[in-house]
Every structure is written in C-alpha cells, then in structure tokens.
Amino acid sequence: MVGSAAAMTAAGIPAAGAAEAATEDRRDPRAVMRERTRQGMAALRQCLDRPSQACALRAALMVTAAETLSIDRSKVLLSVADTLHAVGDQARAERTVSVAKSEARDIGIGFAVDTRLVDVAEIEAKIGAAEAAADTAAAIDDQVLRARAFGRIAVALVEAGRADGAAAMLDRIEVGAVAQEYALQVAEILTAAEAGGDRNGAGAALDTAARLVDAAPLSRFRTAGRIRLAAARARFGEAEAARALGAKVEQDLGRSMPSHARARLLAELAVLDLALDDQAAHETHMTAARRALDKVRSDYERDYALSDMAVAAARGGDHDAALDLAGRIGSVDVRTRFARRLARLDRSAAARRALATYADRTARDHLDKLDQPYTRDEARFALVMALVEAGSAQPAVAVVETMEDDDARARGLAFVARLLD
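Residues numbered from 1 in each chain as written. Predicted model: local features only at pLDDT ≥ 70, side-chain atom pairs only at ≥ 80, totals over all residues. Heavy atoms only, no water.

Participant: Could you clarify how one ought to interpret the overall build of the protein chain in this entry?
Facilitator: From N to C terminus, the protein chain includes 23 helices and 0 strands. At 22 Å, the protein chain has a C-alpha radius of gyration in line with the 22 Å of a compact globule built from 421 residues. Of all 421 residues assigned to the protein chain, the portion counted as buried reaches 53%. Looking at the protein chain alone, contacts between residues at least 24 apart form 67% of all its contacts between residues at least 6 apart. As presented, the protein chain carries roughly 18,200 Å² of accessible surface, and 49% of it is formed by carbon and sulfur atoms. Put simply, the protein chain has 58 plus and 63 minus side-chain charges, and the middle of one group is 2 Å from the middle of the other. (Helix = DSSP H or I, 4+ residues; strand = E, 2+ residues; numbered from the N terminus. Rg over C-alpha atoms; globule rule 2.2 N^0.38 Å. Buried < 20%, exposed > 50% of the residue type's maximum accessible area, 1.4 Å probe, protein only. Contact = heavy atoms within 4.5 Å. Areas by Shrake-Rupley, 256 points an atom, 1.4 Å probe, with all protein chains shown as cover. Lys, Arg positive; Asp, Glu negative; His and termini not counted. Charge placed at Lys NZ, Arg CZ, Asp CG, Glu CD.)

And the structure:
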C-alpha cells in the first residue's frame, strides 16, 4: 500500500510508526488490511458522533489507507485536497493532489483513468494550479472527457474569481455541445457577480461564451444562452443592451414553440429582469412560465423546466415558491443539479435554509429510485457539495451519515471538514 502511506504523509498525517510498521510487515497482509479497515470505520463513527475538522480529515485518510483500489483512494484524496485548500493549507493541498493524480494513473483502465483525471484537473484549478490543470486535461485520451475537463476548469476559475483564465479553457473544448454547456454555466455564475464589478476579466469569458452560444445548432438553446449572457452583462453595466435583447426575445415568444421551451425561456427572462432591477417584469414572466409549465406533458422536460423556474424564483427572493417548484422534480439527477445551482447562485440565509430542507427531503424521499448503492451515494455527495458551498455544516453531516459505503462517507466527511472547527 505504497500509495496509501504516501497519501497519509502528503497530507501531513502520520502513518504507522516504525515499530508498528515492522509488526505489520511480519503479519498476514490480509490481517493488516482488516485491522486498517476496522480502525478507519471506528474513526469515521467517532467523528460523525462528534465532528471536527481534524478528526474528519484524519478519518478520511485512515479509510484511504485501508482501501485497496486506486480509483477509490484517489476520489477521497481529492476531497481532502479540496478542503485543505479551502482552509488555507496550500502546501498540503498541492501535495495531496499530486498523490491523488498518481493514484488516478495507477487505476490502469484507460477510461477510468481519464474519468478520474477530469476530477483531478478540476481540483488543481480550484487550488490555484490552473496551468497544471490544463496539462492534466490535455493528457486525457477520451475526447468528450477531455472536453469536460476543460469545461470544469473554466467553471472552477470563474467560481474562484479568476474569470480571466476561463476564456482560454472554453476555447480548448473540442466538442461543440460540451463547449456550449459550459459556456452557459460560466454565464450563469457571472449573473450572480457583484453589480458593477470587474470580476477579473469576466468580459473575455463572456465574449468567448457568446461565440460558443451563437454556434449552437438549436435556436432555442441560442436564445436561452443569449438571455443568460445578457443577464451577466447587465451586472457589469451593459443594461441597455440587455434590455434590447430581452425585448427581442419577448417578440420571439409570440412564435410557436414547445411548452417546456417556453417555460424555460420565460424563467431565463425572469432572471434577466432581476439583473435589470425590474421586479414587476420578473413576476410577470414567472406567472407566464407557470402557465406554460401546466401544458408540459413530458416528465423529463418538466423536470428541467421546474429546475430553471425554481432557480429564478429563489433568485427573486421567493424561496417558498422555489421549494415548491423544485419539490416537484422527479429525477434525482435534476434535483441534485438544482441544489448545486442554488448553492452557487444564491448565498442568502433564506437560500441556505431552503437548501437544507430540500437536501433532507431529497435524501430521505427520493434516493430509493436509484437501484445501486454507488449511485445513491453519488447523489448524496452532490447534495453534500451543495450544502457545503452554501455554508450549512450540520445538514451536510446529516447527509454524510446516510451514506452506505465507507469510502463515500470518508469523502463526504472530508469535504464537510472545511466548515468544522
């Protein structure tokens, strides 16, 4: 378990001492791993009973030391590295990411290696190593995964207030649909930027996003993207251009289109209204979106419309309406995506309370739709990320406690650790 020992050392948490190591060397390796597993599980239980930052990180690394698969070790280590950066321990964060990258490359199965390297690239960007992140992304063989890696780097840079580097990352995405997806994410994050701010080169990121949106083959996608970009530009003083675009879209809504598309465009317009400080127009567009939603017959399309409308309602300050709309989403994937969007876009105390309620309901009442423990735990981790991004420690710990796999609990607890004393 060379990688596991390296992981412990890299994060600054001591592994077994010399005497203990010598004793382990004389024992049956299977017995050693059973003992490590027992110790890791005990550390997890103790920390979940009385959570603290130190015990959370230590428990996560003890579980990592007992794990035999590189694919699982790397996942937990990335969560540890993310938290170490969040609490200001940059040196250990960088060392831990380095170990996680080594573990990812040791997985040995090409697609699985590439999948984990996408995660590595994102965390490298988050901890400030954008150049290393780009190198990691460029080394990914699978074209779609490589595209997603560059997209996630772009989003990470914008979220960290380094939008000046996002444009170059968007430009390196070679799959058109993926580039457009992340262009919309970048634009949406910038719609929540401080009004009148510079956002460290946001203009270049928005210009690149606009070019990618304009290249989209579907007119409804182009229109939705342009509305979102207008809302972002309105935050940076381009209000008149944003109003002109909004008026043009209003005219386009007179044309025939599917009800789900109409509902989603109206929700985007409602967000644009907020960027333009027009509460009356916001309420008018939300009412029209509800009328369009009533005509949607596809569950799949309704879920995405509900998500967009719930985001718009929350950003307008109506968190009860947002909970009601989001509570009607059936898909677990769309529910967790909504939770992440809300955490990113609305930092208010009311949003934090709404998100805690929503995460609890989702974890309690909806995850039985998923057949596999792994997919249920992935959904729970997405909820944990949203809660942590919103600053809600105790609800996040509560979700971690429901996880079914030890590695998942270790990963979740490590992520929550940044909010613990």
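Participant: Before we go on, may I ask you to explain unusual backbone geometry in this structure?
Facilitator: The phi torsion of most residues other than glycine is negative, and most of the peptide bonds are trans. Even without being a glycine, Asp 277 presents a positive backbone phi close to 60 degrees. Mapped onto the secondary structure, Asp 277 falls in the loop between α15 (259-275) and α16 (279-293).

Participant: Explain the nonpolar core here, please?
Facilitator: Soluble, globular proteins show a tendency: their nonpolar side chains are buried together. Ile 153 and Val 384 are the most contacted members of the largest nonpolar core, which has 144 residues in total. Once residues lying within four places of it in the same chain are set aside, the contact partners of Ile 153 are Ala 121, Ala 125, Ala 133, Ala 134, Ala 137 and Met 169. (Core = buried A, V, L, I, M, F, W, Y, C linked by side-chain atoms within 4.5 Å.)

Participant: Whenever I open this one, the confidence of the model for the protein chain confuses me. Can you help?
Facilitator: When pLDDT is low, close inspection of the predicted coordinates is not appropriate. Looking at the protein chain, the pLDDT average stands at 89 and 92% of residues meet or exceed 70. The low-confidence segment residues 14-22 (pLDDT under 50) makes 4 contacts with residues lying over four places distant or belonging to another chain. (pLDDT = per-residue confidence, 0-100.)

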